[in-house]
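Residue-level structure breakdown
Read off the chains here:
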Amino acid sequence: VILKISNKILSILFTMLLSSVGHATVLTFDSPFSNFNSSYSESGYTFSVVSGNHLDYLSNGLAWHDGPGNSTVDNYATMTYSGGLFDLIGFEFTNAYGSLGGQIITNLSSSPITYGVGTHTVNLVGLSWVGFSAINGPSYTWIGLDNVYAVAFSQVPEPSALALMGLGLLGFVV
């Protein structure tokens, strides 16, 4: 009897584990868009200007800046996912103009993390948002963002997860 109950519990846990499936995405910003937008969306992710006036399209990614066209020097943009939580695996800060690198801040920590220009692996899990900002140089500064690697967690299980859940529930009957 105890063995049968423990098998059922393991069955439920296995089903729950497999029913929250993640979907890996690389955001490349390769689709040109009109400059001067306050937000940009790709694959369910949205980047919005929080401080400053607009985003710009660069050949090597998404960008934002201080100086002309923006009302503030401390510009930053946030990334969210329309389906809820996501993991940020990595990203690339590109040196668009005068940038010394950038910082990120998340809903999980109020302390910014500083990164130089280049590709970075971060593995931040369970985010509802992440903010990207430039480290301002001595004058007019652009920061570029490219190749953002993220994993979003589906709120609705995929058919394969539903099939596995059905097999797990079948374990109750047996």
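The notes below deal with the structure included here. Keep in mind that this is a model prediction, so the values were computed, not measured. (Residues numbered from 1 in each chain as written. Predicted model: local features only at pLDDT ≥ 70, side-chain atom pairs only at ≥ 80, totals over all residues. Heavy atoms only, no water.)

Bringing the overall build of the chain into the picture now. If you tally the helices and strands in the chain, you get 2 helices and 12 strands. Along the chain, from the amino end to the carboxyl end, the secondary structure elements read α-β-β-β-β-β-β-β-β-β-β-β-β-α. Taken over 174 residues, the chain has a buried fraction of 36%. Residue pairs at least 24 apart in sequence account for 68% of intrachain contacts in the chain once pairs closer than 6 positions are excluded. (Helix = DSSP H or I, 4+ residues; strand = E, 2+ residues; numbered from the N terminus. Buried < 20%, exposed > 50% of the residue type's maximum accessible area, 1.4 Å probe, protein only. Contact = heavy atoms within 4.5 Å.)

Phi angles above zero are rare outside glycine, and Phe29 is one such case at about 55°. With respect to the element layout, Phe29 can be found in the loop between strand E1 (22–27) and strand E2 (39–42). Phi angles above zero are rare outside glycine, and Asn123 is one such case at about 50°. Looking at where Asn123 falls in the secondary structure, it is placed in strand E10 (residues 118–127). On the basis of relative accessibility, which here comes to 47%, the residue Asn123 falls in the partly exposed class.

Where burial is concerned, the two faces of E2 differ: the one with Tyr40 and Glu42 is buried and the one with Ser39 and Ser41 is not. Where E2 meets strand E3 (residues 45–51), 4 bridges bridge the pair, whose relative direction is antiparallel. The residue of E3 that forms the bridge with Ser39 is Ser48. Here E2 folds back onto E3, and the loop between the two strands holds 2 residues, one of which, Ser43, carries a positive phi near 55°. (Pairing = 2+ DSSP bridges.)

Here we come to the sheet that holds strand E6 (residues 76–81). With antiparallel pairing, the 6 strands of this open sheet are ordered in space as E2-E3-E6-E11-E8-E9. Every interior strand has two partners, whereas the edge strands, E2 and strand E9 (109–115), have only one. With direction set aside, neighbouring strand axes in the sheet form an average angle of 25°. (Axes fitted to C-alpha atoms, helices over the stretch in contact; angles between N-to-C directions.)

On to the environment of Tyr40, then. Looking at the element boundaries, Tyr40 is found in strand E2. Judged by relative accessible area, which is 8%, Tyr40 ranks as buried. Expressed as a C-alpha distance, the spacing of Tyr40 and Asp56, which sit 16 residues apart in the sequence, is 9.4 Å. Side chain to side chain, Tyr40 and Glu42 meet in a polar contact 2.7 Å long. (Polar contact = N/O pair within 3.5 Å; in protein donor to acceptor, adjacent residues only side chain to side chain.)

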